[in-house]
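For reference, the chains in residue letters:
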Amino acid sequence: MTATAGSTSHVMNTYGRLPIAMSHGEGIWVWDTEGRKYLDGLGGVAVNTLGHAHPKLVPALQEQVAKMIHCSNYFQIPNQEALGTKLAEISGLTNAFFCSTGLEANECAIKLARKFGHDKGIERPEIVVYEHAFHGRSIATLSATGNVKVQKGFAPLTEGFIRVPLNDIEALKRATEGNPNVVAVFLETIQGEAGIVPMRWDYLRQVRALCDQQDWLMMVDEVQCGMGRTGKWFAHQWAGIKPDVMPLAKGLGSGVPIGAVVAGPRAANIFQPGNHGSTFGGNPLATRAGLETIRIMEEEGIVEHAAQVGDYLKQALQTAFAGMPAVREVRGQGLMLGIVLDRSCGDLQWKLAQAGLLVSIQADSVIRLVPPLIITEAECDQLIALLAPVLKEFLA
Ligand SMILES: Cc1ncc(COP(=O)(O)O)c(C=O)c1O
């Protein structure tokens, strides 16, 4: 069930919203304006890294708001410099550009790839993208997206993308064979919107080798799977590789809007003054949120925690639903998990919310769990206690 905005709302009708109005949160719990309590298994779609009202984050942000919220990129911004340095340290890459959202980070990556090509004399650069990918809803990023529903109604799309299936290196080689215009391969390390679909680690290593051999940029969209979510700072680190370009957003600011593109040596100096920019990008408040998020994560060992508690949750879900053939698979890494059903389950989001659990349904039949990374094992047990009876009844 969804609320139709139509009648009284003056907000555009872009989301199928549930009829619940959120009021406030604490830790992994949120309350609606009627005082009902929910376990937040969605974390604002992989955004609320530190949960709600984190006792270390709140005072730091309050202090920053009082000091300076915004200043333009015509000046040096110390928090931005510090966050660039920190992101370089945890990624092994070298330089960051800051923006405010995931699509904006991906738009920047696409521009980097095109300019990388133009600098080599390639007039019409082409970028390899993937089936079922999601990169955002601007015209260029929805063109890179592999979902016709996202694209419908917005033609003409941006040209210059070659689409290939996941995890098939021969298909990638065939699709690009003899094409001198290819400049980059652009992938989500784990596809989130598509229903938590991972790239295999050995495939990522094969793509890395091919990009090196062909002088292409390897660009990994870690907007959803980055920032500790899978139990490493960045999901591609499980494969032991380094990309050339890595868009980030979502979890980076624990809820304060921030995006970034982190680049390695082959891409760090492509842009020159005037090539790219963003008014809000890297402002003092947003970059303080990024700095404090990483500082608190380091202080509290949250990346390792996400790995451990993610394994615990995955196993507990597998145990809870063992012997239920309608639950095909529990997949994903760390705290980015998908429960794959054998049927459409769009209604489950509302049923679970009524039972006190927030999730989303992806690709029609996958329950997505991306809770705050501070969730404990005991809270995972509570999550399953809320989920299991509703799911069992739904499947009965
Ligand atoms: C992998 C990925 N890239 C890009 C985006 C777009 O991010 P935003 O909604 O912040 O523009 C998303 C959002 O779900 C995403 O999951």
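**Some details on the pairing of strand β7 (residues 182-188)**
Summarising burial for β7: 7 of the 7 residues are buried, a large majority. Where strand β5 (residues 126-130) meets β7, 3 bridges bridge the pair, whose relative direction is parallel. Opposite V128, over in β7, you have V185 as the bridge partner.

**Details of helix α10 (residues 302-320)**
Its 19 residues place the ends of α10 26 Å apart at the C-alpha level, agreeing with the 27 Å of an ideal helix rising 1.5 Å per residue. The set of residues buried in α10 consists of I302, V303, A306, A307, V309, G310, L313, A316 and L317. Those residues of α10 that are buried lie in contact with α9 (284-299), β13 (327-333), β14 (336-341), β17 (366-369) and α12 (377-395).

**Some words on the site of the ligand**
Taken together, 13 residues lie near the ligand, and G102, L103, D221, Q224 and K250 sit nearest. With respect to the ligand, the side chain of Q224 contributes an N or O atom lying 2.8 Å from an oxygen atom. At 3.3 Å, a side-chain N or O of K250 approaches an oxygen atom of the ligand. With the chains in place, 82% of the 400 Å² that the ligand exposes on its own is no longer accessible. Broken down by element, the residue count for the shell around the ligand peaks at 3 residues, all from helix α4 (residues 102-119). Of the residues belonging to the shell around the ligand, the class tally is 3 nonpolar, 6 polar and 4 charged.

**Remarks on the packing of aromatic side chains**
One pass over the structure, following the stated rule, counts 1 aromatic pair. Of note, K232 hangs over the ring of W238, and the distance from its end group to the ring centre comes to 4.7 Å.

**Remarks on the pattern of salt bridges**
Summed over the entire model, instances satisfying the criterion amount to 20 salt bridges. Taking the shortest distance from any N to any O, the salt bridge between E89 and K86 comes out at 3.2 Å. With E89 and K86 both in helix α3 (residues 78-91) and 3 residues apart, this pair spans about one turn of that helix. Using a relative accessible area of 54% as the deciding quantity, one classes E89 as exposed. The closest approach of N and O atoms between R331 and E329, which form a salt bridge, is 3.6 Å. Taking the relative accessible area as the measure of exposure, R331 reaches 18% and is therefore buried. One salt-bridge network, in which partners are shared between bridges, spans K56, E63, R288, E292, R295, E299 and E300.

**Quick word on the sheet that holds strand β2 (residues 29-32)**
In space, the 4 strands of this open sheet follow the order β1-β2-β3-β15, with mixed pairing throughout. Every other strand in the sheet has two partners, leaving β1 (22-26) and β15 (357-358) as the edge strands with one partner each. Examined bridge by bridge, strand β3 (residues 37-40) and β15 share 2 bridges and lie parallel to one another. By the bridge assignment for β15, D40 is matched with L358. Strands in contact with α12 are β2, β3 and β15; relative to β3, the strand with the most contacts, it is inclined by about 115°.

Parameters at a glance
Residues numbered from 1 in each chain as written. Predicted model: local features only at pLDDT ≥ 70, side-chain atom pairs only at ≥ 80, totals over all residues. Heavy atoms only, no water. Buried < 20%, exposed > 50% of the residue type's maximum accessible area, 1.4 Å probe, protein only. Helix = DSSP H or I, 4+ residues; strand = E, 2+ residues; numbered from the N terminus. Pairing = 2+ DSSP bridges. Expected span 1.5 Å × (residues − 1). Contact = heavy atoms within 4.5 Å. Near = heavy atom within 4 Å. Polar contact = N/O pair within 3.5 Å; in protein donor to acceptor, adjacent residues only side chain to side chain. Areas by Shrake-Rupley, 256 points an atom, 1.4 Å probe, with all protein chains shown as cover. Nonpolar A, V, L, I, M, F, W, Y, C, P; charged D, E, K, R; others polar. Phe/Tyr/Trp six-rings, centres within 6.5 Å; stacked < 30°, edge-to-face > 60°. Lys NZ or Arg CZ within 6 Å of the ring centre and 35° of its normal. Salt bridge = Lys/Arg side-chain N within 4 Å of Asp/Glu carboxyl O. Axes fitted to C-alpha atoms, helices over the stretch in contact; angles between N-to-C directions.

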